[in-house]
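Structural overview
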Amino acid sequence: MNTSFVPPSRGMLTECVGSAVHAPSLHNSQPWLFRIRRPAIEVYADPTRSLPVVDPDGRELLISVGAAVFTLRTALRRAGYDSDCELLPDPGRPTLAARVTATRVRPVDATIEALAAAIPYRHTDRRPFAQVPVPPDRLGRLRDAARREGAVLTNADQAGRDAVLDLARAADRWLRDQPEYRQELDHWTDHRRRHDGVPVWAAGPWDALELVPLRDFAALSPVRREVEPFEPYPTIGLLSTAGDTPRDWLRAGQALQRVLLTATWQGLATMPISQPVEVPAMRKALAGRAAGRFPQIVLRVGYGRVQMPGATPRRSVSEVLIQTG
Ligand SMILES: Cc1cc2nc3c(=O)[nH]c(=O)nc-3n(C[C@H](O)[C@H](O)[C@H](O)COP(=O)(O)O)c2cc1C
């Protein structure tokens, strides 16, 4: 470390945590905690916020934490600091998912400005997208974003798209037939009892064409879910990694968030789709589309037709910050 290096203030690091909580997470479970140890921020997985039915191995939990790690790194970089990011740095503390340490001051570049500016505007859009193809150069930027974080994003061709969507719908049907799946989903969507999870307004309408595999996030709503035709030829990507260890899941999460922020910056709407990676047989079938790599999540990308009505709720910084004794 440079001897003249002045580490970021506690206030600045707290602001970076405030950015990180905007990250996406499975059912908006926000399974993360942070501890500031200047010049580092430790990111912890919070197993009390796991979803044991859909995610028994905690794979999606660590993808969600990885998304928060990337957001944190971006916020720190935007504040003018380079950082080192160690994943799972302490075998004695398995919930310590990452340690992000500010190492030196560096001027901010345009890419970081754009990614950081996208953080509060990135939302999951579960509504129909416009019937406008996503230009190849934009898809190329998304692939590049995944590659920079050590993952591979594959854009499905027509046959691949149909196959992935078939698997996703089959997985969704299979999950819905499990009573414990229903209970878990209800637990994360009951807004009489919680201020996190997925609110009814974010669930969007059903697809009249029954093509896009939408989650049943509005089942508890007394209002009937609207039905609208979605785009008939969705643009689908598959994010995969070379390995399938907790470290790979954290990498996949960072790659996912870099792809999502790049998409937001490019004016694209996004919707993660994870049902097919939650049913082992479907995930295995999906692996056939990933050239020997491990499928981590599917992504629907396109042009949103209307602006999102708002942001889904987040736990406050004070709720996710572990006080250093
Ligand atoms: C690992 C992971 C899996 C997800 N799976 C789905 C999914 O299957 N369907 C869906 O509509 N959204 C999915 N999402 C999006 C989350 O529901 C969303 O990020 C969360 O509700 C917060 O909302 P926001 O993305 O608008 O901030 C997933 C997100 C992550 C990180």
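Residues numbered from 1 in each chain as written. Predicted model: local features only at pLDDT ≥ 70, side-chain atom pairs only at ≥ 80, totals over all residues. Heavy atoms only, no water.

Re the site of the ligand
Residues in close proximity to the ligand total 22 residues, the closest being R122, T124, R126, S274 and R314. Between the ligand and the protein, one listed contact pairs a nitrogen atom with a backbone N or O atom of P272 at 3.2 Å. Here an oxygen atom of the ligand and a side-chain polar atom of Q275 are 3.4 Å apart. Those elements that provide at least two residues to the shell around the ligand are α2 (59-78) and β9 (269-273). Taken together, the residues of the shell around the ligand sort by class into eight nonpolar, nine polar and five charged. Viewed by domain, the shell around the ligand spans two of them, domain 1 (10-122) and domain 2 (136-302), each represented by three or more residues. (Near = heavy atom within 4 Å. Polar contact = N/O pair within 3.5 Å; in protein donor to acceptor, adjacent residues only side chain to side chain. Helix = DSSP H or I, 4+ residues; strand = E, 2+ residues; numbered from the N terminus. Nonpolar A, V, L, I, M, F, W, Y, C, P; charged D, E, K, R; others polar. Domains from an automatic or database assignment.)

Digging into unusual backbone geometry
Going from R38 to P39, the amide bond is cis rather than trans, its omega being 0°. Inspection of the secondary structure assignment puts P39 in the loop between β1 (32-37) and β2 (40-45). A positive phi angle is found at H27, which is not glycine, with a value near 55°. Relative to the elements of secondary structure, H27 occurs in the loop between α1 (10-20) and β1.

Quick look at the state of the cysteines
Should the sulfur atoms of two cysteines be covalently bonded, the bond is a disulfide. Following the criterion strictly, the structure yields zero disulfides and no others. Sulfur of C16: no disulfide; nearest cysteine sulfur belongs to C85 and is 13 Å away. On the basis of relative accessibility, which here comes to 30%, the residue C85 falls in the partly exposed class. (Disulfide = S-S within 2.5 Å. Buried < 20%, exposed > 50% of the residue type's maximum accessible area, 1.4 Å probe, protein only.)

Points about the domain arrangement of the protein
Domains assigned within the protein are domain 1 (10-122) and domain 2 (136-302). In this structure, domain 1 and domain 2 have C-alpha centres spaced 21 Å apart. Both faces considered, domain 1 and domain 2 share a buried interface measuring about 3,100 Å² in area, 68% of it formed by carbon and sulfur atoms. At the junction of domain 1 with domain 2, the criterion picks out two salt bridges. Where domain 1 packs against domain 2, one counts 12 residue pairs in polar contact (both at pLDDT 80 or more). Where the side of domain 1 that touches domain 2 is concerned, the elements lending two or more residues are α2, β3 (81-87) and α3 (110-118). Top element by residues in the side of domain 1 that touches domain 2 is α2. It accounts for 11 residues. When its residues are assigned to classes, the side of domain 1 that touches domain 2 shows 22 nonpolar, nine polar and six charged. (Buried area = accessible area lost by both parts, 1.4 Å probe. Salt bridge = Lys/Arg side-chain N within 4 Å of Asp/Glu carboxyl O.)

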